[in-house]
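Coordinate inspection notes
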Amino acid sequence: MEKLKKVSAYKLASLLRLQQDPKLALQLFLNPNPPDPSPKPFQHSPKSYDVILTKLGRAKLFDEMETVLHHLKQETHIAPKEIIFCNVITYYARARLPDNALQTFHRIPTFRCRRTVKSFNTMLNALLICKEFEKLKEFFLDLENYACPDACTYNVMINACCLCGDVGYARKMFDEMLIKGIEPNGVTFGTLVNGLCANSMLEEACRLKDDMVRVYRVKPDGFIYVSLIKGLCRVNEVDLALKLKEEMLESKVEMDSAVYSTLISALFKVGRRGEVSSMLEEMKRNGCKPNTITYNAIIFGLCNEKDFDSAFGVLNEMEVSECKPDVISYNVIIGALCREGKLREANDLFEDMPRRRCAPDVVSYRTLLDGLSDGMQFKEAALILDEMLFKGYVPRAVSINNYVAGLLREGETSLLWTVLDSLAGGNCIDIDTWRMVVSMVSDKDKLPKPCEFVDALIMEQNDGS
DNA sequence: CTAGGGTTAG
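Residues numbered from 1 in each chain as written. Chains lettered and ligands numbered in written order. Predicted model: local features only at pLDDT ≥ 70, side-chain atom pairs only at ≥ 80, totals over all residues. Heavy atoms only, no water.

Focus: the environment of Leu315
Along the polypeptide, Leu315 turns up in helix 18 (residues 308–320). In this structure the C-alpha to C-alpha distance between Leu315 and Ile299, which are 16 residues apart in sequence, comes to 7.7 Å. Ignoring any residue separated from it by four or fewer positions in sequence, one finds Leu315 in contact with Ile299, Pro325, Ser329, Tyr330, Ile333, Leu349 and Arg356. (Helix = DSSP H or I, 4+ residues; strand = E, 2+ residues; numbered from the N terminus. Contact = heavy atoms within 4.5 Å.)

In C-alpha cells form, the structure reads like this:
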C-alpha cells in the first residue's frame, strides 16, 4: 500500500486556500496529518495563517478566528505582518464589534509585530464603520501620542466628519493636515467632494474639483467625477452632469462604467428614456462594459415605466451574456409586477428563479408576500409564508400586520388559524398583531373565544421552544 | 487588502 506522505507547510497553505468551507479549512489547519500521532506540533507557514484567518474572518467565525490567533501567538518563530491584524480589525468592524477590534489592536505587540500608523488608521476606520464617532474622536486624539498621522489618517477623519454631517469640521481637518505639511491626495479630495455632495453643497463641490488642480496640483480622477455627477443627478441637473462627463473625455480621465450607470439611471428618472440607448452605445465605444449595475439601472427604469416586456428582454439578454443578473435584477421586476397587480407574472418569475440559477433571498420572499397579500391572494400568500419561514426568512412586522388584517377583514377564518399557527411557530408575531387579532376576534361568535384562542397559540409557542 | 465613487428590491 502507498505510504501516506506528510503534507508540507507550503502545500498546506494552498490546500487551505482551495477549501471553500471555512470550518473544514479550520479542521485541516488544526489537524494537517490526521493519522500522524507525533507529539510535536505542525509548523505552519505565515501564509497558512493569513489564509485561514481571512476565511474565518469573512465567515464571521470569530471564536475559531481567536483560536487560530492563539496558535499564532505561540509560534515564536513567526513574526506576523501587520496587515494580518489590520484585516482582523476590519472583520470585527464589519460585524459591528468595536470592542473586539480595539482589543485586537492593543494585542498587536504581543505577537512580535511592530505597530505602525497603518493599524492606527485601520482602527480609526473600524470605529467609523461601527459609527462609534465619540470613540473615534477619542482615538484620534490618542493617536497623535503614538504615531505620526499621515494623509490616510486625515482622510478617514474627513470621511467621518462628512458622514456626521459636519462639513465645517471636515474643512478644519483638511486645514490641519495642510498646516502639518501632510499633502492631500486624490482620496482626500474624493472624500471631501463626496461629503460636500452628500450634504447638498454642490457648488462648493464643483469649485473644489477645480481648485484641486489649480491650487494643489492634484488631477481629479474618476471617483471625483462620479461623486459630482451623482450629486448633480440627484437634484435633476442632468445636463450639468452630462457636461462633466464630456469634461472627463476631454481631459482624458479614465472612463468607467460607474459614470454611465449613474447617467443612465438619471436619464430614466427625468423621463429622457430615449437617450439611454445612445448612452449605452457611447459607453461601449469608450471601452466601458455595461455590468450588472448598469443593467439593473435600466431594468429599474423600464419597470417604473411599466414596460415589462423590455425589462424581461434585458433580463433574458443578461442571462446569455457574461454579465449575469443578480437577485436585485429579479427583485426589482417582481416588486414592480406586484405593484401593478400582475401577481401571476410576479409569482411565475419568482418560481422560475431557481431554474435561472438565482436563489431568491429574503427580499424576494418579502416582496412577493406583500404583493400577494395586498392583492388578496391569501392562499398563495400562505404558501409563500410557510416556505420563507421554513428557510428562516422572517416577514416584516408591517407585512404580517397587513396580511392578518386582510384575513380578518375578508373573514378567511380557517386560513387565519393556519397562518397564525405558522407565524407563532416562527416566533414572529408582535404585540400589535396579537392585539388586533384579539380585538377583532372577540366580537365574532364563529371564532374561538379570545382567551382560549390566545392560550392555545401561546402554549403551542412554548412547546416549540 | 490602512483611506474616497456607481444601480437597487423590502
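A closer look at the domain arrangement of chain A
Entries for chain A in the domain assignment read domain 1 (291–360) and domain 2 (367–465). Across the contact, 8 residues belong to domain 1 and 9 residues belong to domain 2. When the two sides are added together, the surface that domain 1 and domain 2 hide from each other amounts to roughly 660 Å², 77% of it contributed by carbon and sulfur. Considering only the side of domain 1, the residues that lose the most area to domain 2 are Leu343, Asn347 and Phe350, jointly responsible for 57% of the buried surface there. Connecting domain 1 to domain 2 are 0 residue pairs in polar contact (both at pLDDT 80 or more). Where the side of domain 1 that touches domain 2 is concerned, the elements lending two or more residues are helix 19 (327–339) and helix 20 (343–352). When residues of the side of domain 1 that touches domain 2 are assigned to their parent elements, the largest contribution, 4 residues, is made by helix 20. (Domains from an automatic or database assignment. Buried area = accessible area lost by both parts, 1.4 Å probe. Polar contact = N/O pair within 3.5 Å; in protein donor to acceptor, adjacent residues only side chain to side chain.)

A word on the environment of Ala205
Within the element layout of this structure, Ala205 appears in helix 12 (residues 202–214). Expressed as a C-alpha distance, the spacing of Ala205 and Thr116, which sit 89 residues apart in the sequence, is 33 Å. The residues contacting Ala205, other than those within four sequence positions of it, are Val193, Leu196, Cys197 and Leu228.

What to know about helix 21 (residues 362–374)
For helix 21, with 13 residues, the first-to-last C-alpha span of 18 Å sits near the 18 Å given by 1.5 Å per residue. Buried within helix 21 are the following residues: Ser364, Tyr365, Thr367, Leu368, Leu369, Asp370, Gly371, Leu372 and Ser373. In this structure, the buried residues of helix 21 make contact with helix 19, helix 20, helix 22 (378–390) and helix 23 (397–409). The N-terminus of helix 21 is capped by Asp361, whose side-chain oxygen sits 3.1 Å from the backbone nitrogen of Val363. A positive phi of about 60° marks Met376, the residue just after helix 21. (Expected span 1.5 Å × (residues − 1). Buried < 20%, exposed > 50% of the residue type's maximum accessible area, 1.4 Å probe, protein only.)

Notes on the pattern of salt bridges
Scanning all chains against the criterion turns up 21 salt bridges. A salt bridge links Asp211 to Arg214; the nearest nitrogen and oxygen atoms lie 2.6 Å apart. Here Arg214 and Asp211 lie together in helix 12, a separation of 3 residues that amounts to about one turn. Accessibility expressed as a relative area gives 56% for Arg214, which makes it exposed. A salt bridge links Glu340 to Lys306, with the nearest nitrogen and oxygen atoms 3.7 Å apart. With Glu340 in the loop between helix 19 and helix 20 and Lys306 in the loop between helix 17 (292–304) and helix 18, the pair connects residues that are 34 residues apart, well separated along the chain. Classification of Glu340 by relative accessible area gives partly exposed; the value is 38%. One salt-bridge network, in which partners are shared between bridges, spans Glu319, Asp352, Arg355 and Arg356. (Salt bridge = Lys/Arg side-chain N within 4 Å of Asp/Glu carboxyl O.)

Things to note about the UniProt feature "repeat: PPR" (unreviewed entry) in chain A
The sites that carry the UniProt feature "repeat: PPR" (unreviewed entry) are, in the present numbering, residues 150–184, 221–255, 256–290, 291–325, 326–360 and 361–395. Helix makes up 74% of residues 150–184 and strand 0%, and the two end C-alpha atoms of the span are 9 Å apart. Between the end C-alpha atoms of residues 326–360 the distance is 10 Å, and the span holds 66% helix and 0% strand. (UniProt positions renumbered as here; feature names shortened; annotations may be inferred.)

Focus on the nonpolar core
Nonpolar side chains in soluble globular proteins tend to be buried together. By size, the foremost hydrophobic cluster in this structure holds 144 residues, and its most contacted members are Ile52, Met123, Phe139 and Val404. Considering every element that reaches this core, the biggest residue donor is helix 9 (residues 151–163), with 8 residues. Both domains that furnish three or more residues to this core are identified here as domain 1 (291–360) and domain 2 (367–465). If we ignore the near neighbours within four places in the chain, the residues touching Phe139 are Leu102, Phe105, Phe120, Met123, Leu124 and Leu127. (Core = buried A, V, L, I, M, F, W, Y, C linked by side-chain atoms within 4.5 Å.)

Brief notes about unusual backbone geometry
Phi is positive for Lys60, which is not a glycine, with a value near 55°. Mapped onto the fold, Lys60 is located in the loop between helix 3 (46–58) and helix 4 (62–74). Judged by its relative accessible area of 46%, Lys60 is partly exposed. Phi at Arg96 is positive, roughly 55°, even though this residue is not glycine. Locating Arg96 in the fold gives a position in the loop between helix 5 (82–94) and helix 6 (98–107).

Describing the packing of aromatic side chains
A complete count under the given rule lists 13 aromatic pairs for this structure. By the ring-pair criterion, three or more aromatic residues cluster together here, those being Phe105, Phe120 and Phe139. Over the ring of Tyr169 we find Lys137, and its NZ or CZ is 5.9 Å from the ring centre. (Phe/Tyr/Trp six-rings, centres within 6.5 Å; stacked < 30°, edge-to-face > 60°. Lys NZ or Arg CZ within 6 Å of the ring centre and 35° of its normal.)

Points about the packing of helix 3 against helix 4
As a packed pair, helix 3 and helix 4 sit with axes 8 Å apart at the nearest point and diverge in direction by 160°. Between helix 3 and helix 4, the crossing angle belongs to the class labelled roughly antiparallel. Two packed elements cross with a definite hand, and for helix 3 against helix 4 that hand is left-handed. Between helix 3 and helix 4, the contacting residues are Tyr49, Ile52, Leu53, Leu56 and Gly57 on the first element and Phe62, Glu64, Met65, Val68, Leu69, His71 and Leu72 on the second. Its residues placed into classes, the contact of helix 3 with helix 4 shows 9 nonpolar, 2 polar and 1 charged. (Axes fitted to C-alpha atoms, helices over the stretch in contact; angles between N-to-C directions. Parallel < 35°, antiparallel > 145°, perpendicular 65-115°, else oblique. Left-handed = near helix turned anticlockwise from the far one by under 90°. Nonpolar A, V, L, I, M, F, W, Y, C, P; charged D, E, K, R; others polar.)

Re the protein's contact with DNA strand B
The environment of DNA strand B is formed by 46 residues, the closest being Ile83, Arg94, Asn155, Lys230 and Ile328. Restricting the count to atoms of DNA strand B within 4 Å of the protein gives a sugar and phosphate share of 53%. Between DNA strand B and the protein, one listed contact pairs a base nitrogen with a side-chain N or O atom of Asn155 at 2.5 Å. Contacts to DNA strand B include Asn194, whose side-chain N or O atom sits 3.5 Å from a phosphate oxygen. Here the surface near DNA strand B is built from residues that sort into 13 nonpolar, 22 polar and 11 charged. (Near = heavy atom within 4 Å.)

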